[in-house]
Amino acid sequence: MKLTALLCAALMCLPGFSQEKFPDGTPISDWFKKSEIVSINSLGKKYVLTDYQVVNDSTLLQTKQIQAIIDMAAQRGGGVIIIPKGTYLSGSLFFKPKTHLHLEEGAVLKGSDDISHFSIVNTRIEGQSLKYFAALVNADKVDGFTLSGKGTINGNGLRYWTSFWLRRSVIPKCTNMDELRPRLVYISNSNDVQLSGVRLINSPFWTTHLYKCNNAQLLNLYIFAPSAPVRAPSSDGIDIDVCSNVLVKGCYISVNDDGIALKGGKGPWADKDANNGGNFNIIIEDCTYGFCHSVLTCGSESIHNRNIILRRCTVSQANRLLWLKMRPDTPQNYEYMLVEDITGQANNFLYIKPWSQFFDLKDRKDIPMSYSSHITMRNIQLDCDVFFNVQKSEQYKLTDFTFENLNIKTKNKECNKDIIAPFHWKNVKVTM
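## Comments concerning the overall build of the protein chain
From N to C terminus, the protein chain includes three helices and 30 strands. Compactness check: the protein chain gives a C-alpha radius of gyration of 22 Å against a globular reference of 22 Å for 432 residues, within 12% of the reference. Each principal axis of the C-alpha distribution contributes one length, and for the protein chain these read about 75 × 65 × 40 Å. When each of the 432 residues of the protein chain is scored for burial, the buried share is 54%. Restricting to contacts in the protein chain with at least 6 residues of sequence separation, those with at least 24 account for 75%. Counting only carbon and sulfur atoms, one obtains 52% of the accessible surface of the protein chain, whose full area is about 18,100 Å². Averaging the coordinates of the 48 positive side-chain charges in the protein chain and doing the same for the 41 negative ones gives two points 1 Å apart.

Here it is, written out as structure tokens:
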């Protein structure tokens, strides 16, 4: 027995048997390794749209008919709403407890380009809890919700994008919310969520927004919104907002804003608001990025992010690899982040500057201090224009950064190491 115990202990010390850890040293739960797609056969009765007088017609608005099917499924104990091959036009849809959405191959759920077809609800957007337009697909307090299949959710965003840029040309300081437009998918206050396989394209606004979710997996998604010929403004691929235990795996993301953004609140007293909060234990792995403003962004509405891992990803046409937006009007703490095993191309390797586009201290007299610490970037081979695009500021402190095993080819290799203290370098190669 003693010999067996000793052998087991020795095996556990080997790299292959040791438990992975988050950047702060806490163990990574086995839940992150269990990413099997939930079978729709295990989710109850299937409700195929065309069995309930919904027709394949891309020009006919059928919001009420589709919602009636969702409500019927919920009243009967739950089930899966099946969108079959074809195109179905809709405004905002609301999924209920024990209901799910599955899009068959060739199926398209198409969002209306008329904002009046979207309900005004109490929701969460841009770090605020307020009344705004619902998304095309909404699930609030729907534990176990799944969105799956090989079909497409098409936000049909062209009219919204065109209108936004026209408004911006006349009112240069207009905000994102001044041009009324819906998100594509919004999941809130839900546990054990899985989004898998589907194509999420052409969102009028943010593409995928999770708020106050725990144990959420986003697997093998294709997320796209164009940067040309008409740019899709603020079409973030995935916004993670006050969430814990989130796995993003095997996704393709190319959008005209941040690929993945960590949100959580904004404003001088944001950390005192119960609607706000941090993001904890987030793993993004095995993803491919096309054009985006940043592969991973903290902000612009974010107060606390801890134990964030971005790894084993391929990047091309990204403006930034890691962007820490430091708002002078919001107390922020970005800590214990790991970026590793990245290859490809980005205009900026690391980008940290004050972000004051919509600066508003309200009734606060002082500027809150912000922090970013224990940030590690390692095992990265990247071509970039600027290696170290970091600005010194009295409004934030940058400490305990580590660059390790970097092979960077850049047009600008300058790096002011004095901005970060301590700043650890191990086997860093930067060439022009």
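Now that the structure has been shown, the text picks up again.
## Some words on the environment of Tyr132
Among the secondary structure elements, Tyr132 is positioned in strand β9 (residues 128-133). Between the C-alpha atoms of Tyr132 and Asp30, which are 102 residues apart in sequence, the distance is 37 Å. Apart from the residues within four sequence positions on either side, Tyr132 is in contact with Ser119, Ile120, Val121, Thr123, Ile125, Met177, Glu179, Leu180, Arg181 and Phe205. At 3.3 Å, the side chain of Tyr132 and the backbone oxygen of Arg181 are in polar contact.

## Examining helix α2 (residues 63-75)
Here α2 spans 18 Å end to end across 13 residues, near enough to the 18 Å set by a 1.5 Å rise per residue. Looking only at α2, the buried set comprises Thr63, Ile66, Gln67, Ile69, Ile70, Met72 and Ala73. Those residues of α2 that are buried are in contact with β1 (46-48), β2 (57-61), β3 (79-83), β4 (86-90), β5 (93-95) and β6 (99-103). In the stretch just after α2, Gly77 is the one whose phi turns positive, near 100 degrees.

## Some points on helix α3 (residues 158-170)
When the terminal C-alpha atoms of α3 are compared, their 19 Å separation across 13 residues agrees well with the 18 Å that a helix rising 1.5 Å per residue should span. Turning to α3, its buried residues number three or more, namely Tyr160, Trp161 and Phe164. Looking straight down α3, one finds its buried side chains confined to an arc of 100 degrees; they lie on one side. With respect to the buried face of α3, the exposed residues turned more than 90 degrees away are Leu166, Ser169 and Val170.

## Details of the pattern of salt bridges
Counting across every chain of the model gives 18 salt bridges. A salt bridge links Lys362 to Asp360; the shortest N-O distance between them is 3.5 Å. Taking the relative accessible area as the measure of exposure, Lys362 reaches 59% and is therefore exposed. A single network of salt bridges, built from pairs that share partners, joins Glu20, Lys249, Glu285, Asp286, Arg311 and Arg312.

## Notes on the state of the cysteines
Counted according to the given criterion, the structure contains zero disulfides. Among the cysteines around Cys251, which has no disulfide bond, Cys287 carries the closest sulfur, lying 4.7 Å off.

## Things to note about the side chain of Thr152
Along the polypeptide, Thr152 turns up in strand β12 (residues 152-154). On the basis of relative accessibility, which here comes to 11%, the residue Thr152 falls in the buried class. Among the polar contacts listed, one links the side chain of Thr152 to the side chain of Arg199, at a separation of 3.4 Å.

## So, the nonpolar core
Residues Ile153, Tyr289, Leu321 and Phe349 are the most contacted members of the largest nonpolar core, which totals 102 residues. With nine residues, the single largest contributor to this core is strand β26 (residues 304-326). Of all hydrophobic cores here, the second largest spans nine residues; its members include Ile28, Trp31, Phe32 and Leu338.

## Quick word on the packing of aromatic side chains
Within this structure, the stated rule accounts for 19 aromatic pairs. Taking 6.1 Å as the distance between ring centres and 90 degrees as the angle between the ring planes, the aromatic pair formed by Phe387 and Trp425 counts as edge-to-face. In this pair, Phe387 is assigned in strand β28 (residues 370-390) and Trp425 in strand β30 (residues 423-431), connecting sequence segments 38 residues apart. You can call Phe387 buried: its relative accessible area is 0%. When the ring of Phe403 is compared with that of Phe423, the centres are 5.0 Å apart and the planes differ by 80 degrees; the resulting orientation is edge-to-face. On the criterion of sequence distance, the pair formed by Phe403 in strand β29 (residues 396-412) and Phe423 in strand β30 is long-range, its members being 20 residues apart. Residue Phe423 is classed as buried on the basis of its relative accessible area, which comes to 14%. Taken together through their ring pairs, the aromatic side chains of Phe349, Phe387, Phe388, Phe401, Phe403, Phe423 and Trp425 make up a single cluster. Looking at Arg231, its charged tip hangs above the ring of Trp165, at a distance of 4.0 Å from the centre. Over the ring of Trp269 we find Arg364, and its NZ or CZ is 4.7 Å from the ring centre.

Cut-offs applied
- Residues numbered from 1 in each chain as written.
- Predicted model: local features only at pLDDT ≥ 70, side-chain atom pairs only at ≥ 80, totals over all residues.
- Heavy atoms only, no water.
- Helix = DSSP H or I, 4+ residues; strand = E, 2+ residues; numbered from the N terminus.
- Rg over C-alpha atoms; globule rule 2.2 N^0.38 Å.
- Buried < 20%, exposed > 50% of the residue type's maximum accessible area, 1.4 Å probe, protein only.
- Contact = heavy atoms within 4.5 Å.
- Areas by Shrake-Rupley, 256 points an atom, 1.4 Å probe, with all protein chains shown as cover.
- Lys, Arg positive; Asp, Glu negative; His and termini not counted.
- Charge placed at Lys NZ, Arg CZ, Asp CG, Glu CD.
- Polar contact = N/O pair within 3.5 Å; in protein donor to acceptor, adjacent residues only side chain to side chain.
- Expected span 1.5 Å × (residues − 1).
- Arc of directions from axis to C-beta.
- Salt bridge = Lys/Arg side-chain N within 4 Å of Asp/Glu carboxyl O.
- Disulfide = S-S within 2.5 Å.
- Core = buried A, V, L, I, M, F, W, Y, C linked by side-chain atoms within 4.5 Å.
- Phe/Tyr/Trp six-rings, centres within 6.5 Å; stacked < 30°, edge-to-face > 60°.
- Lys NZ or Arg CZ within 6 Å of the ring centre and 35° of its normal.

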